[in-house]
Amino acid sequence: MIQLKNLSKHFTTVDGPVDALRHINLTVNDGDIYGIIGMSGAGKSTLVRCINMLERPTEGNVILDGRDLGTLSNAELRKVRRKVTMIFQSFNLLMQRTCLKNVMLPLKLIHMPREQAEKRAMELLELVGLPDKANSYPAQLSGGQQQRVAIARALATEPRLLLCDEATSALDPKTTHAILELIRDINRKMGITVIVITHQMSVVQEICNKVSILEHGEVVEEGDVSEVFSNPRSNAAKNLIYPEMADGNSLVSEGGQKIRVIFNGAMASKEPLIAKMAVDCGILASILGASTRSVGDRAYGYILLDIPGTPADLAKAVSYLSQMPDVMVQVEAEYEAKEAVME
């Protein structure tokens, strides 16, 4: 388990002081694939560097398996970093070394015998699907292949925590999917906890089970991916998950009775719910806006409806839709009031 307690990081620049991180509190459990997402400048890269103490926090604690990393000596931190490894957007491979020697490098630094290190490196290249590239140089590989070598190198010291700092941002969608599948397989088969730093909601959607939304150096929302996707509360989460709705581009009518139908992992979203309600209840609802997406084989998101008629018709629509599995209904005035209190 890794815990961040009241973590803050302040910098002094020529333009004045900068609060890169402010009072971050997070818990990542063993076996999680934990996403930390935010727009550019949110503090993501500073946070990941504080987690492995490449940046010392100004205040607060980073606790790994009960040990406060801020209290460790440099020699002790070097030992910890063997178990907390990173992969980067730019791969960071040594271009003058073969793939095999790149993977062997961390093992050489801990003085593992050459024959043993070479055997371990070949096993890892096999794991990432590149045993035939052992004697190739990084320049001879595609971006996706280079990232696979970087992953193999990160696994060399048998880490317990893998930090992925925008690890797929330089890759095309097909290659990104393949790398994410590899990371998920490593998590499942080797039990390695993964923290994914990204600005891409699609990455979180594909492999993470937990997520925190970072904005201006603060965590503004966190929880299970399914919960955050189904009903984002903060403006930052809405902008990342459903930008078309957050920007106010939905066709909202003046007045009327509006309800928000929220799909929380619902298979029911594949059914023609609105048409079914029209047939069963005689309520001809208008769709004012909609934003849904899939996480695995489940659907998340919401539809904003205008319900014609009387308050009794509104109550009937809410009652009818609320009976659907994994569907929640909120009267829009109630939803907006809750948002106002949270903001």
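Residues numbered from 1 in each chain as written. Predicted model: local features only at pLDDT ≥ 70, side-chain atom pairs only at ≥ 80, totals over all residues. Heavy atoms only, no water.

## So, the state of the cysteines
So, point 1. Overall, the coordinates contain zero disulfides when judged by the stated rule.
So, point 2. In this model cysteine 164 remains outside any disulfide bridge; the closest cysteine sulfur is found in cysteine 208, 8.9 Å from its own. (Disulfide = S-S within 2.5 Å.)

## Re the packing of helix 11 (residues 273-281) against helix 12 (residues 311-322)
So, point 1. Across the interface, helix 11 lies against helix 12 with an axial gap of 11 Å and an inter-helix angle of 120 degrees. Relative to helix 12, helix 11 is oriented oblique. Classified by chirality, the crossing of helix 12 by helix 11 is right-handed. Across from Lys276, Met277, Asp280 and Cys281 in helix 11, the residues of helix 12 making contact are Lys316, Ala317, Tyr320 and Leu321. (Axes fitted to C-alpha atoms, helices over the stretch in contact; angles between N-to-C directions. Helix = DSSP H or I, 4+ residues; strand = E, 2+ residues; numbered from the N terminus. Parallel < 35°, antiparallel > 145°, perpendicular 65-115°, else oblique. Left-handed = near helix turned anticlockwise from the far one by under 90°. Contact = heavy atoms within 4.5 Å.)

## Some words on the side chain of glutamine 257
So, point 1. Mapped onto the fold, glutamine 257 is located in strand 11 (residues 257-266).
So, point 2. Residue glutamine 257 is classed as buried on the basis of its relative accessible area of 16%.
So, point 3. A polar side-chain atom of glutamine 257 sits 3.3 Å from the main-chain carbonyl oxygen of glycine 309.
So, point 4. Ignoring anything within four residues of it in the chain, the contact list for glutamine 257 reads Leu305, Asp306, Ile307, Pro308, Gly309, Thr310, Pro311 and Leu314. (Buried < 20%, exposed > 50% of the residue type's maximum accessible area, 1.4 Å probe, protein only. Polar contact = N/O pair within 3.5 Å; in protein donor to acceptor, adjacent residues only side chain to side chain.)

## Focus: the sheet that holds strand 10 (residues 218-224)
So, point 1. Ordered in space as 6-7-8-3-9-10, the six strands form an open sheet in which the pairing is mixed. The strands lining the two open edges of the sheet, one partner per strand, are strand 6 (84-88) and strand 10. Put simply, the sheet's adjacent strands are angled 15 degrees from each other on average, direction ignored.
So, point 2. Pairing geometry for strand 3 (residues 33-37) and strand 8 (residues 193-198), over five bridges, is parallel. The residue of strand 8 that forms the bridge with isoleucine 37 is threonine 198.
So, point 3. Here helix 5 (residues 143-154) sits on the sheet and contacts strand 6 and strand 7 (161-165); the angle it forms with strand 6, its principal contact strand, is near 170 degrees. (Pairing = 2+ DSSP bridges.)

## Here we look at the pairing of strand 10
So, point 1. Note: strand 9 (residues 210-215) against strand 10, six bridges, orientation antiparallel. Opposite valine 211, over in strand 10, you have glycine 223 as the bridge partner.
So, point 2. Hairpin remark: strand 9 followed by strand 10, antiparallel, with two residues in the connecting loop; positive phi at histidine 216, about 50 degrees.

## Examining the nonpolar core
So, point 1. Membership of the largest hydrophobic core comes to 52 residues, with the highest contact counts inside it found for Leu125, Ile151 and Ile213.
So, point 2. Isoleucine 213 has contacts with Ile37, Met201, Glu218, Val219, Val220, Glu221, Val228, Ala236, Ala237 and Leu240, leaving out every residue within four places of it along the chain. (Core = buried A, V, L, I, M, F, W, Y, C linked by side-chain atoms within 4.5 Å.)

## Examining helix 11
So, point 1. For helix 11, the complete set of buried residues consists of Leu273, Ile274, Met277 and Cys281. For helix 11, the buried positions fall inside an angular range of 100 degrees around the axis, keeping them on one side. (Arc of directions from axis to C-beta.)

## Examining the sheet that holds strand 5 (residues 67-68)
The pairing of strands in a sheet happens through backbone hydrogen bonds and is either parallel or antiparallel.
So, point 1. Read across the sheet, four strands follow the order 2-1-4-5 without closing on themselves; strand pairing throughout is antiparallel. Edge positions in the open sheet fall to strand 2 (16-28) and strand 5, since each of these has one partner strand only.
So, point 2. Sheet analysis places strand 4 (residues 59-64) next to strand 5, joined by two bridges and oriented antiparallel. Bridged to isoleucine 63 within strand 5 is aspartate 68.

## Structural notes on the pattern of salt bridges
Side chains that carry opposite charge are capable of pairing whenever their charged atoms lie near each other.
So, point 1. Taken as a whole and assessed by the stated rule, the structure comprises nine salt bridges.
So, point 2. Residue aspartate 30 is joined to arginine 160 by a salt bridge in which the shortest nitrogen-to-oxygen separation is 3.7 Å. Separated by 130 residues along the polypeptide, aspartate 30 in the loop between strand 2 and strand 3 and arginine 160 in the loop between helix 5 and strand 7 bring together distant segments of the chain.
So, point 3. Of the charged contacts, one joins arginine 184 and glutamate 181 as a salt bridge, the two residues approaching to 2.2 Å between their closest N and O atoms. Note that arginine 184 and glutamate 181 are positioned in helix 6 (residues 173-190) at a spacing of three residues, about one turn of the helix.
So, point 4. Arginine 184 gets classed as buried once you look at its relative accessible area, which sits at 16%.
So, point 5. You can call glutamate 181 partly exposed: its relative accessible area is 26%. (Salt bridge = Lys/Arg side-chain N within 4 Å of Asp/Glu carboxyl O.)

## Observations regarding the environment of glutamine 96
So, point 1. Note that glutamine 96 resides in the loop between strand 6 and helix 3 (99-109).
So, point 2. By relative accessible area, glutamine 96 is classed as exposed at 59%.
So, point 3. As a C-alpha pair, glutamine 96 and proline 138 span 42 residues in sequence and 8.2 Å in three-dimensional space.

## So, the confidence of the model for the chain
So, point 1. Mean pLDDT over the chain stands at 86; residues scoring 70 or higher make up 88%.
So, point 2. Per-element mean pLDDT across the chain ranges from 46 in helix 13 (residues 332-342) up to 96 in helix 4 (residues 114-127).
So, point 3. In this model, residues 246-254 is a region of pLDDT below 50 whose contacts with residues beyond four sequence positions or in other chains number 15 contacts.
So, point 4. Long-range and interchain partners of residues 334-343, a stretch whose pLDDT sits below 50, account for ten contacts in this model, where long-range means more than four residues apart. (pLDDT = per-residue confidence, 0-100.)

## Let's talk about the environment of phenylalanine 91
So, point 1. Along the polypeptide, phenylalanine 91 turns up in the loop between strand 6 and helix 3.
So, point 2. Taking the C-alpha atoms as reference points, phenylalanine 91 and arginine 148, 57 residues apart in sequence, are found 8.9 Å from one another.
So, point 3. With near-sequence residues (within four places) excluded, phenylalanine 91 lies in contact with Gly143, Gln146, Gln147, Ala150, Arg153 and Leu171.

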